[in-house]
Amino acid sequence: NVYCPRSSLGCEWQGEQKQAIDHLNKECEFYFCPRQQEGCSWKGLKSQLKAHDDVCEYMIVPCPSNCSATILRSDLELHKNDCQVIIDQINAERQKQREEAKRKREKEEELRRQEIAKREEERRKAQETTGHEVAELVKPAAEEIVHLNIGGTPFVTSKNTLIQPRSSAFFSCILDS
């Protein structure tokens, strides 16, 4: 009689040598990871093998980004640095971010230009209004206009200007005459 080759895992089967292979393939509930040669040391029940396969670091799996590479699950993180699909996705996202930032800057610049144009228009209107108001204030009535010719040079002014305290006595004399 021989013992099950997996007796160290807990299998208590024993029988004839020729039945051992059948026992391993059909009956034995104890398993080593099929990737034991690659370095996996998992041991457990047959019912736990599927759950182990889902996390086994020695399982060869396809790239989750569908780049057509197959790699050890333990190398997935490293593969992310070389995966052309991931690199292309990162580059596309960066390009999208750059374009969004550019559109935002352009929009902000256009809003600044509009604000400047609005302020300029307000300033222009204010100057125009002020200019008209000042002109109305300083525009003398026709009877107040005084034409002077001093030393051959013609001057046009108003009586109010001439009677200001800063005006010379000379101009006061001219107005009196």
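Up top is the structure.
All of these numbers come straight from a predicted model, not from anything done at the bench.

## Some thoughts on the overall build of the chain
Phase 1: Along the backbone of the chain there are six helices and eight strands.
Phase 2: Buried positions account for 20% of the 177 residues belonging to the chain.
Phase 3: For the chain, the accessible surface area stands at approximately 13900 Å², while carbon and sulfur atoms represent 52% of it.

## A look at the packing of aromatic side chains
For any two aromatic rings, the description comes down to two numbers: the centre-to-centre distance and the angle of the planes.
Phase 1: Counted according to the given criterion, the structure contains zero aromatic pairs.
Phase 2: The aromatic ring of tyrosine 31 is capped on one face by arginine 6, whose charged end is 4.5 Å from the ring centroid.

## Structural notes on helix H2 (residues 46-53)
Phase 1: What H2 keeps buried is the set Leu49, His52 and Asp53. Around the axis of H2, the buried residues are gathered within 90° of arc, so they sit on the same side. Facing away from the buried surface of H2 by more than 90 degrees, the exposed residues are Ser47, Lys50 and Ala51.
Phase 2: Those residues of H2 that are buried are in contact with strand S3 (30-32) and strand S4 (43-45).

## Describing the pairing of strand S7 (residues 145-150)
Phase 1: As judged from the six bridges shared by S7 and strand S8 (residues 153-158), these two strands associate in the antiparallel manner. Counted as the bridge partner of histidine 147 is valine 156 from S8.
Phase 2: Hairpin connection of S7 to S8: two residues between the antiparallel strands, including glycine 151 at a positive phi of 60°.

## What to know about the nonpolar core
Soluble globular proteins tend to bury their nonpolar side chains together.
Phase 1: By size, the foremost hydrophobic cluster in this structure holds eight residues: Cys4, Leu9, Cys11, Trp13, Ala20, Leu24, Cys28 and Phe30.
Phase 2: In this view, tryptophan 13 contacts Val2, Tyr3, Cys4, Gln19, Ala20, His23 and Glu27; residues no more than four positions away in its chain are not counted.
Phase 3: Counting residues in each nonpolar core, the second largest holds six residues, with Tyr31, Cys33, Cys40 and Cys56 among its members.

## Some points on the pattern of salt bridges
Phase 1: Under the counting rule described, the total for this entry stands at twelve salt bridges.
Phase 2: One salt bridge in this structure joins lysine 80 and glutamate 77, with 2.9 Å as the shortest N-O distance. Placement of both lysine 80 and glutamate 77 in helix H3 (residues 76-80) is noted, with a separation of three residues, approximately one turn of the helix.
Phase 3: A salt bridge links arginine 123 to glutamate 120; its shortest N-O distance comes to 2.7 Å. Of this pair, arginine 123 and glutamate 120 are both found in helix H4 (residues 84-138), three residues apart, which corresponds to roughly one turn of the helix.
Phase 4: Since its relative accessible area comes to 40%, glutamate 120 is described here as partly exposed.
Phase 5: One connected set of salt bridges, linked through shared partners, spans Glu121, Arg124, Lys125 and Glu128.

## Brief notes about helix H1 (residues 17-27)
Think of an α-helix as turning once every 3.6 residues; residues three or four places apart then point the same way.
Phase 1: Listing the buried residues of H1 in full gives Ala20, His23 and Leu24. Buried residues in H1, looked at end-on, bunch into an arc of 95°, giving them a common side. Seen from the buried face of H1, the exposed residues on the opposite side, beyond 90 degrees, are Lys18, Ile21, Asn25 and Lys26.
Phase 2: Its buried side turned inward, H1 meets strand S1 (2-3) and S3.

## A look at the side chain of aspartate 53
Phase 1: If you trace the backbone, aspartate 53 turns up in helix H2.
Phase 2: In this structure aspartate 53 comes out as buried when scored by relative accessible area, which is 17%.

Conventions and cut-offs
- Residues numbered from 1 in each chain as written.
- Predicted model: local features only at pLDDT ≥ 70, side-chain atom pairs only at ≥ 80, totals over all residues.
- Heavy atoms only, no water.
- Helix = DSSP H or I, 4+ residues; strand = E, 2+ residues; numbered from the N terminus.
- Buried < 20%, exposed > 50% of the residue type's maximum accessible area, 1.4 Å probe, protein only.
- Areas by Shrake-Rupley, 256 points an atom, 1.4 Å probe, with all protein chains shown as cover.
- Phe/Tyr/Trp six-rings, centres within 6.5 Å; stacked < 30°, edge-to-face > 60°.
- Lys NZ or Arg CZ within 6 Å of the ring centre and 35° of its normal.
- Arc of directions from axis to C-beta.
- Contact = heavy atoms within 4.5 Å.
- Pairing = 2+ DSSP bridges.
- Core = buried A, V, L, I, M, F, W, Y, C linked by side-chain atoms within 4.5 Å.
- Salt bridge = Lys/Arg side-chain N within 4 Å of Asp/Glu carboxyl O.

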